[in-house]
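What follows is each chain in one-letter form.
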Amino acid sequence: HPDLQTISRINGMRVYTSGDVEAVNGTDVRLKCTFDSSAKINPELVIVSWTFKPLSGGRIFHYQQKPYLPPDGIFKKRVHWAGDIMGSDASIILREVKFIYNGTYTCQVTNPPDVHGPVGEIRLRVVKTASFNELLYLVLAIGGGIAAVVFCLIVIVSCRRCKRKHRQRQLEGDEEVPRKERKDPTAW
């Protein structure tokens, strides 16, 4: 998992999270949490707990043989299980993030006998609009697409003009030859 920044060691358990995450207000964001265990993964024993601090504190999500979504509070109907225990993935998705979701999210995974130790952390920052880099990439992508279309149109128009000029020259060349000198194309 080289693309993930935070690594926490838990007695043979490694939890990987993405560190700092930025999301635009009103969009969905995936809080990625994966793990490696020194013990064979037993889906009946694995427990995943996600917590949020500092605003409301407490647990927002719990997995033990199946996902337990929050029944109330700011995360009700906003947290969705996106993990795959057998694939060592304990990720969740926050739907339509709000500014009150700013904070630190922790992911704790236990797989007996790997049960104690630090947790993976993700610091989520909800922003009003996309960052400058994201906007720059969007502008470049749109600009590149428009430039490609304009280039294709220029090539097509140029080709048509060349064909017209070529035909016109052929017609002008045919008119210069006197009619009596023209050969019949069907005759040998």
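Residues numbered from 1 in each chain as written. Predicted model: local features only at pLDDT ≥ 70, side-chain atom pairs only at ≥ 80, totals over all residues. Heavy atoms only, no water.

*Asks:* Sorry, what's going on with the nonpolar core here?
*Replies:* Generally speaking, soluble globular proteins have nonpolar side chains that are buried together. Counting 30 residues, the largest nonpolar core has Val 48, Trp 50, Ile 60, Leu 94, Tyr 105, Val 109 and Leu 124 as the members making the most contacts within it. Excluding residues that lie within four positions of it along the chain, Leu 124 makes contacts with Val 21, Ala 23, Val 29, Leu 94, Tyr 101, Asn 102, Gly 103 and Tyr 105. (Core = buried A, V, L, I, M, F, W, Y, C linked by side-chain atoms within 4.5 Å. Buried < 20%, exposed > 50% of the residue type's maximum accessible area, 1.4 Å probe, protein only. Contact = heavy atoms within 4.5 Å.)

*Asks:* I tried to follow the side chain of Asn 111 on my own but got confused; where do I start?
*Replies:* Following the sequence through the fold, Asn 111 ends up in the loop between β11 (103-110) and β12 (120-127). On the accessibility criterion, Asn 111 (0% relative accessible area) is buried. In contact with Asn 111, not counting residues within four places along its chain, are Met 13, Ser 37, Ala 39, Lys 40, Ile 41, Asn 42 and Val 46. (Helix = DSSP H or I, 4+ residues; strand = E, 2+ residues; numbered from the N terminus.)

*Asks:* Explanation requested: a positive patch on the surface in the structure shown.
*Replies:* A grouping of Arg 160, Arg 161, Lys 163, Arg 164, Lys 165, Arg 167 and Arg 169 is seen on the molecular surface, where their side chains present a positively charged patch. Along the chain, Arg 164 falls in helix α1 (residues 132-176). (Patch = residues over 30% accessible without salt bridge, like charges linked within 9 Å, V, L, I, M, F, W, Y side chains within 5 Å. Areas by Shrake-Rupley, 256 points an atom, 1.4 Å probe, with all protein chains shown as cover. Salt bridge = Lys/Arg side-chain N within 4 Å of Asp/Glu carboxyl O. Lys, Arg positive; Asp, Glu negative; His and termini not counted. Charge placed at Lys NZ, Arg CZ, Asp CG, Glu CD.)

*Asks:* Explanation requested: the pattern of salt bridges in the structure shown.
*Replies:* Side chains bearing opposite charge may pair, as long as their charged atoms lie close to each other. Throughout the structure, instances matching the rule amount to 5 salt bridges. Between Arg 95 and Asp 28 there is a salt bridge, with its nearest N and O atoms 2.9 Å apart. With Arg 95 in the loop between β10 (92-94) and β11 and Asp 28 in the loop between β3 (19-24) and β4 (29-31), this pair connects stretches of sequence that are 67 residues apart. A relative accessible area of 31% means that Arg 95 is categorised as partly exposed. For Asp 28, a relative accessible area of 43% gives the class partly exposed.

*Asks:* What's the story with a nonpolar patch on the surface in this structure? I'm lost.
*Replies:* A cluster of nonpolar side chains, contributed by Leu 138, Ile 142, Ile 146, Val 150 and Ile 154, occupies part of the molecular surface with about 460 Å² of accessible area. Inspection of the secondary structure puts Ile 142 in helix α1. Judged by relative accessible area, which is 48%, Ile 142 ranks as partly exposed.

*Asks:* Would you mind showing me how to read the packing of aromatic side chains here?
*Replies:* The geometry of an aromatic ring pair comes down to the distance between the two centres and the angle between the two planes. Summed over all chains, the structure comprises 6 aromatic pairs. Their ring planes at 80° and their centres at 5.3 Å tell us that Phe 52 and Phe 75 sit as a pair that is edge-to-face. Of this pair, Phe 52 sits in strand β6 (residues 47-53) while Phe 75 is found in the loop between β8 (67-68) and β9 (79-81), placing the two residues 23 residues apart along the sequence. When the centroid spacing of 4.6 Å and the interplanar angle of 35° are considered together, the rings of Phe 52 and Tyr 105 count as tilted. Within this pair, whereas Phe 52 is found in strand β6, its partner Tyr 105 is found in strand β11, the two being separated by 53 residues in sequence. The class of Tyr 105 is buried, set by a relative accessible area of 0%. (Phe/Tyr/Trp six-rings, centres within 6.5 Å; stacked < 30°, edge-to-face > 60°.)

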